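Results of the structural survey
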Amino acid sequence: MNKLYNMFKGLALNAMASRTIEADPLQSFMFRVSIPGLPTGVGFQKVGGLSREVEVVEYLENMYDHTHKLPGRETVSDVTFERGMYADDYLQGIYEKVFNNNTVRNTVVIQVCDRFGKIRREFKCAEAWFSKYECADLDATSSDVIIETLTMTFEYLSLIHI
């Protein structure tokens, strides 16, 4: 009996020891954003809306009872960046560049890291510019942090596996 117990005990320990961080899913709290024109230390509380979609083109032919569905062009959604408001005006300044600069388009990089800070994925948003700046409501009855939101429009997305 003891021999059998020791054999299964060894198998169980080996099975548990083989799991590494490489097998864990990435967590949403570890990310970095690099926006040309913003200082390196500017961080964000939340980044949302990072998505891409292929348009469905419907095509109808004579003699068929159904519609053919073909892949069309890819589109990307606007991305929002949220951050607590500070005395600086970095986000408002990057938004206002749209009005003052003809070469306002840049590549914005969003890096997703593992829990140790190692970059695991990188999203590159090309031909990006900022289309909206928003400040949260001011409320004398609340002690919440004021949140600034910046909306980015871009043309295409590249995913880089690290």
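Scroll up to find the structure.
Residues numbered from 1 in each chain as written. Predicted model: local features only at pLDDT ≥ 70, side-chain atom pairs only at ≥ 80, totals over all residues. Heavy atoms only, no water.

**Here we look at the overall build of the protein chain**
Each helix and strand counted, the protein chain has two helices and nine strands in total. Across the 162 residues that make up the protein chain, the buried fraction comes to 24%. Within the protein chain, contacts between residues at least 6 apart in sequence are counted, and of these 65% link residues at least 24 apart. Accessible surface, the protein chain: about 11,900 Å² in total, of which carbon and sulfur atoms supply 52%. (Helix = DSSP H or I, 4+ residues; strand = E, 2+ residues; numbered from the N terminus. Buried < 20%, exposed > 50% of the residue type's maximum accessible area, 1.4 Å probe, protein only. Contact = heavy atoms within 4.5 Å. Areas by Shrake-Rupley, 256 points an atom, 1.4 Å probe, with all protein chains shown as cover.)

**Details of the layout of surface pockets**
By volume, the largest pocket amounts to about 220 Å³. In terms of lining residues, the largest pocket is bounded by Leu-26, Gln-27, Ser-28, Phe-31, Val-47, Gly-48, Gly-49, Leu-50, Ile-110, Val-112 and Phe-123. When residues of the lining of the largest pocket are traced back to their parent elements, those giving at least two are strand 2 (46-48) and strand 6 (106-113). (1 Å grid on protein atoms, 1.4 Å probe; cavity = no way out; pocket = protein on both sides within 12 Å on 5 of 7 lines; lining within 4 Å. Points joined across faces, edges and corners; volume = space filled by probe spheres on them.)

**Quick look at the nonpolar core**
With 22 residues, the main nonpolar core has Ile-35, Phe-44, Phe-81, Val-108, Phe-130, Met-152 and Phe-154 as its most contacted residues. Within the residue set of this core, elements represented by two or more residues are strand 5 (79-84), helix 2 (90-100), strand 6, strand 7 (119-135) and strand 8 (147-153). Ranked by residues supplied to this core, first place goes to strand 7 with five residues. If sequence neighbours within four positions are ignored, Phe-44 has contacts with Phe-31, Val-33, Ile-35, Leu-38, Phe-81, Glu-82, Arg-83 and Leu-91. (Core = buried A, V, L, I, M, F, W, Y, C linked by side-chain atoms within 4.5 Å.)

**Some details on the environment of Ile-21**
Assignment of secondary structure puts Ile-21 in the loop between helix 1 (2-17) and strand 1 (31-34). For Ile-21, a relative accessible area of 27% gives the class partly exposed.

**Side note on the packing of aromatic side chains**
A complete count under the given rule lists three aromatic pairs for this structure. For the ring pair Phe-44 and Phe-81, a centre distance of 5.3 Å and an interplane angle of 50° mean the geometry is tilted. Note that Phe-44 is positioned in the loop between strand 1 and strand 2 and Phe-81 in strand 5, a separation of 37 residues in sequence. Relative accessible area serves as the criterion here: at 13%, Phe-44 is assigned to the buried category. With centroids separated by 5.6 Å and ring planes inclined at 85°, the aromatic side chains of Tyr-95 and Phe-99 adopt a geometry described as edge-to-face. Of this pair, Tyr-95 and Phe-99 both sit in helix 2, separated by four residues, roughly a single helical turn. One aromatic cluster is present, built from ring pairs that chain together Phe-44, Phe-81 and Phe-130. (Phe/Tyr/Trp six-rings, centres within 6.5 Å; stacked < 30°, edge-to-face > 60°.)

**Concerning the pattern of salt bridges**
Scanning the model with the defined rule gives six salt bridges in all. In this structure, Arg-105 engages Glu-155 in a salt bridge whose closest nitrogen and oxygen atoms are separated by 2.7 Å. Of this pair, Arg-105 sits in the loop between helix 2 and strand 6 while Glu-155 sits in the loop between strand 8 and strand 9 (156-161), and the two are 50 residues apart along the sequence. Judged by relative accessible area, which is 46%, Glu-155 ranks as partly exposed. One network of salt bridges, with partners in common, ties together Arg-83, Asp-88 and Glu-148. (Salt bridge = Lys/Arg side-chain N within 4 Å of Asp/Glu carboxyl O.)

**Considerations on the environment of Gly-37**
Its location among the elements puts Gly-37 in the loop between strand 1 and strand 2. Overall, the relative accessible area of 56% leaves Gly-37 in the exposed class. Filtering out sequence-adjacent residues up to four positions away, Gly-37 remains in contact with Ile-94 and Lys-97.

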